[in-house]
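Chain by chain, the residues run as shown.
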Amino acid sequence: FNLVISVLSPIATSYMPRLSFMNIKGDERGFILSLNRLLSITLIIATPASFAFFFYGFELLDILFSVQSSALGADMLICLSVGLCFLSALTVVNTALESKGKIYSAVISLLLGSVVKAVASYALISNDKLGILGAPIGTVLSYAFSLVVSLVFLEISGVKIFAIAKMLLLALAGFIAFYLPYYMVYSTSLLGSPFNSMIFSIGISVFAYFSLLALGYFLFIRRSVSKLHKNVQ
């Protein structure tokens with residue numbers, strides 16, 4: 001789970017000088033365009049990783065650890081997979097807040113998220129049906145809450161981004177791309193070996209995911225260019 005974040009964090013950090021420059025220059029449009037570009041890059045990477053963890057949590061852990069450890073950790077990884085996109089978007093939004101000099105706003109959102117984490121985990125772990133699963137569920141809730149708070153602060157500062165809409169669209173593309181190969185290839189053990197079936201189905205899913213993104217991007221650009229020509233005429 002943290003491996004994905006460790007890859008995405010430097011990307012967000014590398015955008016901070018550009019965002020800060022746009023803010024100092026007073027180029028609000030350039031700031032918003034750069035921020036939305038960063039958010040798109042981050043979520044495009046986080047979404048397939050999230051679905052890979054969700055559908056193949058046990059199998060991925062089994063490659064690294066023993067079967068017993070995989071059995072104990074799979075359900076927790078599956079729960080955490082839901083929060084991967086939340087945390088990725090939160091990293092981007094907090095980077096934007098810091099770039100606009102709203103450092104305390106980012107800190108406040110994280111502190112409030114920590115409170116939600118502590119309260120939710122305490123309440124859920126004490127539930128006999130959930131037990132230790134209450135910890136990752138509380139973590140996901142804390143990421144989601146912190147993201148909402150940071151988005152509110154960003155909205156107050158005058159910056160509008162389409163974080164929720166992008167997350168929903170990418171989640172839809174990810175679900176379509178990952179569910180069908182999982183159901184048709186991996187669950188049926190089409191290639192005999194579970195490992196081979198998993199690698200093959202993940203490969204198909206990643207290809208299908210980026211193909212859907214390319215198709216959507218092409219259709220969007222085509223429609224935008226068409227509207228531009230109409231306006232010129």
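Residues numbered from 1 in each chain as written. Predicted model: local features only at pLDDT ≥ 70, side-chain atom pairs only at ≥ 80, totals over all residues. Heavy atoms only, no water.

Caption draft 1: The overall build of the chain, seen in detail. A count of helical and extended segments in the chain gives seven helices and zero strands. The linear arrangement of helices and strands in the chain, starting from the amino end, is α-α-α-α-α-α-α. Principal-axis analysis of the C-alpha atoms gives the chain an extent of 55 × 45 × 25 Å. Here the chain holds 233 residues, and the buried ones make up 39% of them. The long-range fraction of contacts in the chain, counting pairs at least 24 apart against all pairs at least 6 apart in sequence, stands at 72%. For the chain, the exposed area adds up to about 13,200 Å²; of that, 72% sits on carbon and sulfur atoms. Mean positive and mean negative side-chain charge positions of the chain (14 and 8 charges, respectively) differ by 18 Å. (Helix = DSSP H or I, 4+ residues; strand = E, 2+ residues; numbered from the N terminus. Buried < 20%, exposed > 50% of the residue type's maximum accessible area, 1.4 Å probe, protein only. Contact = heavy atoms within 4.5 Å. Areas by Shrake-Rupley, 256 points an atom, 1.4 Å probe, with all protein chains shown as cover. Lys, Arg positive; Asp, Glu negative; His and termini not counted. Charge placed at Lys NZ, Arg CZ, Asp CG, Glu CD.)

Caption draft 2: The pattern of salt bridges, seen in detail. Per the stated rule, a full pass over the model turns up one salt bridge. The salt bridge involving Glu 28 is made with Lys 100; its shortest N-O contact spans 3.7 Å. Of the two residues, Glu 28 is situated in helix α2 (residues 28–64) and Lys 100 in the loop between α3 (67–99) and α4 (103–125); the sequence distance between them amounts to 72 residues. Residue classification places Glu 28 among the partly exposed residues on the basis of a relative accessible area of 32%. (Salt bridge = Lys/Arg side-chain N within 4 Å of Asp/Glu carboxyl O.)

Caption draft 3: Molecular detail of the confidence of the model for the chain. For the chain, the mean per-residue pLDDT works out to 86, and 93% of the residues sit at or above 70. Note that pLDDT drops below 50 for residues 228–233; the model gives that stretch zero contacts with residues more than four away or on any other chain. (pLDDT = per-residue confidence, 0-100.)

Caption draft 4: Layout of the packing of aromatic side chains. A complete count under the given rule lists 14 aromatic pairs for this structure. With 6.4 Å between their ring centres and 5° between their planes, Phe 1 and Tyr 143 make a pair best called stacked. Residue Phe 1 is located in the segment before α1 (2–25), and its partner Tyr 143 is located in helix α5 (residues 134–156); the two are separated by 142 residues in the primary sequence. When the centroid spacing of 5.3 Å and the interplanar angle of 90° are considered together, the rings of Phe 54 and Phe 55 count as edge-to-face. (Phe/Tyr/Trp six-rings, centres within 6.5 Å; stacked < 30°, edge-to-face > 60°.)

Caption draft 5: Structural view of the side chain of Thr 47. Here Thr 47 is to be found in helix α2. Apart from the residues within four sequence positions on either side, Thr 47 is in contact with Cys 85, Leu 170, Ala 171, Gly 174 and Tyr 209.

Caption draft 6: Main features of the layout of surface pockets. For the second largest pocket, the calculated volume is near 240 Å³. Lining the second largest pocket are 13 residues, and of these Ser 50, Phe 51, Val 82, Cys 85 and Ala 171 lie nearest its centre. Mapped onto the lining of the second largest pocket, the elements with two or more residues apiece are α2, α3 and α6 (163–186). Ranked by the residues each element gives to the lining of the second largest pocket, the list is headed by α6, at five residues. Classifying every residue of the lining of the second largest pocket gives ten nonpolar, three polar and no charged. (1 Å grid on protein atoms, 1.4 Å probe; cavity = no way out; pocket = protein on both sides within 12 Å on 5 of 7 lines; lining within 4 Å. Points joined across faces, edges and corners; volume = space filled by probe spheres on them. Nonpolar A, V, L, I, M, F, W, Y, C, P; charged D, E, K, R; others polar.)

Caption draft 7: A look at α3. The end-to-end C-alpha distance of α3 is 45 Å, a good match for the 48 Å that 33 residues give at a rise of 1.5 Å each. The largest bend in α3 is about 40°, located at Gly 73. A positive phi of about 80° marks Gly 101, the residue just after α3. (Expected span 1.5 Å × (residues − 1). Bend = angle between axes of the 7 residues up to and from the residue.)

Caption draft 8: Main features of the packing of α2 against α3. At a minimum axis distance of 8 Å, the contact between α2 and α3 shows a crossing angle of 175°. Here α3 runs roughly antiparallel to α2, going by the angle between their axes. When grouped by side-chain class, the residues that make up the contact of α2 with α3 number 22 nonpolar, nine polar and one charged. (Axes fitted to C-alpha atoms, helices over the stretch in contact; angles between N-to-C directions. Parallel < 35°, antiparallel > 145°, perpendicular 65-115°, else oblique.)

Caption draft 9: Layout of a nonpolar patch on the surface. On the surface, a nonpolar cluster with roughly 770 Å² of combined accessible area is contributed by Leu 172, Phe 175, Ile 176, Tyr 179, Leu 180, Tyr 183, Met 184 and Leu 212. Ranked by the residues each element gives to the nonpolar patch, the list is headed by α6, at seven residues. Looking at the element boundaries, Tyr 183 is found in helix α6. (Patch = residues over 30% accessible without salt bridge, like charges linked within 9 Å, V, L, I, M, F, W, Y side chains within 5 Å.)

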